Amino acid sequence: MDAGGRTGAPGAARTDRLLVEILPKRRPGILVVTLDGELDHDTAEPLRKALDAASGAVRVVVDCSGLRFCDSTGLNILLRTRLRLLAEGGRVDLAGLRPPVDRVFEITGALRLFPVYEDAGTALGGNPRPA
């Protein structure tokens with residue numbers, strides 16, 4: 001058991017962290033943020049910082065294909081970023097939602113607020129998945 005009370009096999013990868021990667025701009029004004037891991041209260045700060053730094057972006061594509069979990073903290077960060085970018089004339093798109101994460105967005109009604117794409121490549125091509 002580690003200091004956080006989590007158990008696991010020795011040498012097993014810890015799942016209580018989030019990797020946020022900002023990909024190089026493929027097009028001016030478009031930022032792709034790739035998430036890998038779990039997004040919750042304890043891991044949200046890197047995403048918050050990355051999205052706060054997205055000022056001036058016309059569009060932010062959040063690639064969630066590596067995201068295994070998202071709680072209300074992560075959802076709120078994305079919703080606040082969406083509102084800020086809308087006020088600046090931009091938008092936030094989601095890509096690659098996996099079933100556990102997709103369900104959180106579905107239950108809360110957030111799926112109606114974001115364009116959602118099968119993957120980041122499709123998002124950059126502009127064809128949202130059907131609702």
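Residues numbered from 1 in each chain as written. Predicted model: local features only at pLDDT ≥ 70, side-chain atom pairs only at ≥ 80, totals over all residues. Heavy atoms only, no water.

Draft legend 1. Examining the pairing of strand β3 (residues 59–70) more closely. For β3, a buried count of 9 out of 12 residues is recorded, marking the element as mostly surrounded by other parts of the structure. Bridge analysis of strand β2 (residues 30–39) against β3 gives 9 bridges, and the strand direction is parallel. By the bridge assignment for β3, Val-32 is matched with Val-61. Note on the crossover from β2 through helix α1 (residues 45–52) to β3: the handedness is right-handed. (Buried < 20%, exposed > 50% of the residue type's maximum accessible area, 1.4 Å probe, protein only. Helix = DSSP H or I, 4+ residues; strand = E, 2+ residues; numbered from the N terminus. Pairing = 2+ DSSP bridges. Right-handed = clockwise from strand over helix to strand, strands pointing away.)

Draft legend 2. Spatial organisation of helix α2 (residues 72–87). In a regular helix each residue adds 1.5 Å, so 16 residues correspond to 22 Å; α2 covers 22 Å between its end C-alpha atoms and thus fits that length. Inspection of α2 places Thr-73, Gly-74, Leu-75, Ile-77, Leu-78, Thr-81, Arg-82 and Leu-85 among the buried residues, and these make up the whole buried set. Lining the buried residues of α2 we find β2, α1, β3, β4 (91–95) and α3 (99–108). Sitting at the amino-terminal end of α2 is Asp-71, which places a side-chain oxygen 2.9 Å from the backbone nitrogen of Thr-73. Within two residues after α2, Gly-89 carries a phi angle of roughly 90 degrees, on the positive side. (Expected span 1.5 Å × (residues − 1). Contact = heavy atoms within 4.5 Å. Polar contact = N/O pair within 3.5 Å; in protein donor to acceptor, adjacent residues only side chain to side chain.)

Draft legend 3. Just the nonpolar core, in detail. Ranked by size, the top nonpolar core spans 29 residues in total, and within it Leu-35, Leu-47, Val-60, Leu-94 and Phe-105 carry the most contacts. Within the residue set of this core, elements represented by two or more residues are β1 (18–23), β2, α1, β3, α2, β4 and α3. Counting 7 residues, the second-largest nonpolar core is a separate cluster that includes Val-32, Ala-95, Tyr-117 and Ala-123. (Core = buried A, V, L, I, M, F, W, Y, C linked by side-chain atoms within 4.5 Å.)

Draft legend 4. Focus on the packing of aromatic side chains. Under the defined criterion, the tally for this structure stands at 1 aromatic pair. Arranged with centres 6.1 Å apart and planes meeting at 80 degrees, the rings of Phe-105 and Phe-114 form a pair that is edge-to-face. (Phe/Tyr/Trp six-rings, centres within 6.5 Å; stacked < 30°, edge-to-face > 60°.)

Draft legend 5. Broad picture of the environment of Gly-90. Residue placement: Gly-90 occurs in the loop between α2 and β4. Through-space distance from the C-alpha of Gly-90 to that of Gly-29 is 9.2 Å; in sequence the pair is 61 residues apart. Apart from the residues within four sequence positions on either side, Gly-90 is in contact with Val-58 and Leu-85.

Draft legend 6. A look at the confidence of the model for the protein chain. When pLDDT is averaged along the protein chain, the result is 83, and 80% of the positions lie at 70 or above. Looking over the protein chain, one finds the lowest element-wise mean pLDDT in β1, namely 77, and the highest in β4, namely 96. Note on residues 1–15: pLDDT under 50 across the span, and 7 contacts to partners over four residues away in sequence or across chains. (pLDDT = per-residue confidence, 0-100.)

Draft legend 7. Structural detail: the packing of α1 against α2. Remark: α1 packs on α2, axes separated minimally by 10 Å, with the N-to-C direction vectors making an angle of 5 degrees. Taken together, the axes of α1 and α2 are roughly parallel relative to one another. Residues Leu-47, Arg-48, Leu-51 and Asp-52 of α1 form the contact with α2, whose participating residues are Ile-77, Leu-78, Arg-80, Thr-81 and Arg-84. Split into classes, the residues belonging to the contact of α1 with α2 amount to 4 nonpolar, 1 polar and 4 charged. (Axes fitted to C-alpha atoms, helices over the stretch in contact; angles between N-to-C directions. Parallel < 35°, antiparallel > 145°, perpendicular 65-115°, else oblique. Nonpolar A, V, L, I, M, F, W, Y, C, P; charged D, E, K, R; others polar.)

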